[in-house]
Each structure stands twice: as structure tokens, then as C-alpha cells.
Amino acid sequence: QRISSIVTIPNMSQLVADKGQITVPSSYQSTRATNMQKQWGRSQRGTTAVVVVFNNGDSALTNAQNTQIVKTIQRIKNHEDQYQIRSLTAASDSSTAASQLISKDKSPQLLQLNVHKSSSHSITSIRSQITKLAKTSGVKTYVTGADVLNQDFSDATQAGVQKTEIIAAIFIFLVL
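Here the structure is a predicted model, which is why all the values come from computation and not from measurement.

A few words now on the overall build of the protein. The secondary structure content of the protein amounts to seven helices and four strands. Starting at the N terminus and walking to the C terminus, you meet the elements of the protein as α-α-α-β-α-β-α-β-α-β-α. Going through the 176 residues of the protein one by one, you find that 30% of them count as buried. Contacts in the protein between residues far apart in sequence, at least 24 positions, make up 76% of those at least 6 positions apart. Element-wise, carbon and sulfur atoms account for 55% of the exposed surface of the protein, whose accessible area totals about 11100 Å².

Our focus in this paragraph is the sheet that holds strand β4 (residues 140–144). A sheet is described by the order of its strands in space; here four strands give the open sequence β2-β3-β1-β4, paired in antiparallel fashion. Strands with a single pairing partner mark the edges of an open sheet, and in this sheet they are β2 (85–89) and β4. Averaged over neighbouring strand pairs, the angle between their axes works out to 20 degrees when direction is ignored. Docked against the sheet, helix α6 (residues 123–134) engages β1 (47–55), β2, β3 (108–116) and β4, running at close to 35 degrees with respect to β1.

Time to look at the side chain of T136. Structurally, T136 is set in the loop between α6 and β4. In contact with T136, other than residues within four places in its own chain, are F54, Q68, I69, T72 and T141.

Bringing the layout of surface pockets into the picture now. In this model, the second largest pocket occupies a volume close to 210 Å³. As for the second largest pocket, its lining consists of V51, T89, A97, Q100, L101, L110, L111 and Q112. Looking at the lining of the second largest pocket, the elements with two or more residues in it are α5 (95–101) and β3. A class-by-class count of the residues in the lining of the second largest pocket yields five nonpolar, three polar and no charged.

Turning to the nonpolar core, a few remarks are in order. Counting residues in hydrophobic clusters, the biggest one holds 22 residues, and the most contacted among them are V52, I76, I85, L111, L113 and I130. Listing elements by their share of this core, those giving two or more residues are β1, α4 (63–78), β2, β3 and α6. Leave out the neighbours within four places in its chain, and I85 touches I76, E80, L113, N114, V115, I130 and L133.

Despite not being glycine, Q84 shows a phi value in the positive range, around 60 degrees. Within the element layout of this structure, Q84 appears in the loop between α4 and β2. Notably, K106 is not glycine yet its phi reads approximately 60 degrees, a positive angle. Locating K106 in the fold gives a position in the loop between α5 and β3.

Next up on the list: the confidence of the model for the protein. Confidence in the prediction of the protein, expressed as mean pLDDT, is 78, and 73% of residues score 70 or more. Confidence scores differ between elements of the protein, with helix α3 (residues 29–40) showing the lowest mean pLDDT of 55 and α4 the highest of 94.

The side chains of a regular strand alternate between both faces of the sheet. Where β1 and β3 come together, nine bridges link them in antiparallel fashion. Each residue of the ladder has a partner; that of V52, found in β3, is L111. Pairing of β2 with β3, which is carried by four bridges, proceeds in the antiparallel orientation. Counterpart to L88 in the pairing with β3 is L113.

Let us now look at α6. For α6, built from twelve residues, the straight-helix expectation of 16 Å at 1.5 Å per residue is met to within 8% by its first-to-last C-alpha distance of 16 Å. Residues I123, I126, I130, L133 and A134 constitute the buried set of α6. Looking straight down α6, one finds that the buried residues subtend no more than 100 degrees of arc, so they occupy a single side.

Conventions we followed
- Residues numbered from 1 in each chain as written.
- Predicted model: local features only at pLDDT ≥ 70, side-chain atom pairs only at ≥ 80, totals over all residues.
- Heavy atoms only, no water.
- Helix = DSSP H or I, 4+ residues; strand = E, 2+ residues; numbered from the N terminus.
- Buried < 20%, exposed > 50% of the residue type's maximum accessible area, 1.4 Å probe, protein only.
- Contact = heavy atoms within 4.5 Å.
- Areas by Shrake-Rupley, 256 points an atom, 1.4 Å probe, with all protein chains shown as cover.
- Pairing = 2+ DSSP bridges.
- Axes fitted to C-alpha atoms, helices over the stretch in contact; angles between N-to-C directions.
- 1 Å grid on protein atoms, 1.4 Å probe; cavity = no way out; pocket = protein on both sides within 12 Å on 5 of 7 lines; lining within 4 Å.
- Points joined across faces, edges and corners; volume = space filled by probe spheres on them.
- Nonpolar A, V, L, I, M, F, W, Y, C, P; charged D, E, K, R; others polar.
- Core = buried A, V, L, I, M, F, W, Y, C linked by side-chain atoms within 4.5 Å.
- pLDDT = per-residue confidence, 0-100.
- Expected span 1.5 Å × (residues − 1).
- Arc of directions from axis to C-beta.

Here is the structure:
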């Protein structure tokens, strides 16, 4: 009876992934940004907004770091087709873009990408590819965005469910 209970327990990770509809709450900034993108980004359907953050901690980015960032942005532009990047907005595009993508203290700088997503080009693979592509010498670089955060939230929830499955199986085995 114990073994049949353990053997017949459903795959909770798959259930959560299929039916759980796990999302970041609507009050979070990343969810608000996604909703705004749906309003103004109609031409970007089938894409996900990915933000590359170039950071120097609490200090302003140096001239040398900015030079490295420019090289990285050019490298990303050169590989747009390969990585299915549909559009790119950099601080160097215009003064308006600079005011929105460079902080007042000049410590972080952002690069906005819209990347095609599909079942074969998932958020996980997009994040991995863009993270490698955006790696910049002498600058802390990371990738974020609403879908990236939702994926992190989902992954963390599934990891919790997997731990719960193990505990439940042990508990069933001990109780029965």
C-alpha cells in the first residue's frame, strides 16, 4: 500500500507548470511594465522585453567602462539575427533614450531588447544567450525583464513543490 501510494503520486512539478498559472502579482513593477508593453508594443507581438543592465555598483561608470559597453552593444547589434533580436534601444540612440536608460548617478545603464520567443526559443534560452552575449569586461552585467522574473518565480515555486513532494512521500511512507 505504501509503495502504491508513492508510485501513484502525480508529478507535481508538471501539474504546477501546466495548471498552476504561477505569475508575479499584478502590483509588481515587472507586471506593470509587461502590461504597458502590450499597449505600446503591438508591433512587437511574439517577443519578450529583455533588459541588459550594465552596472558599476554605487559608482558612476568610468569612461573605460562606457567604451566597453559601447563595444558590447555593437556586438549585440551585429548578432541581432542570430539571437532573434527584433529591436534594440540603447542610450546612444538619442538624448531621450539616454535620459531613460542611464541613471542620474550614472552607475547603471540599461539596454532594451525585444527578442522573439517561441516554444523553441524559450525565456530560459533567451536569458542564457543574452547573458553570454552581453558579458562586458570590467562591468557587472545581468539580464532582467518581466518574463525573466516570471520564469524565476515559476522556477522557485517548482523547486518548492519538488521539496514538498519528497517530504510528502517520506511522510506517507512513515505513516502507512
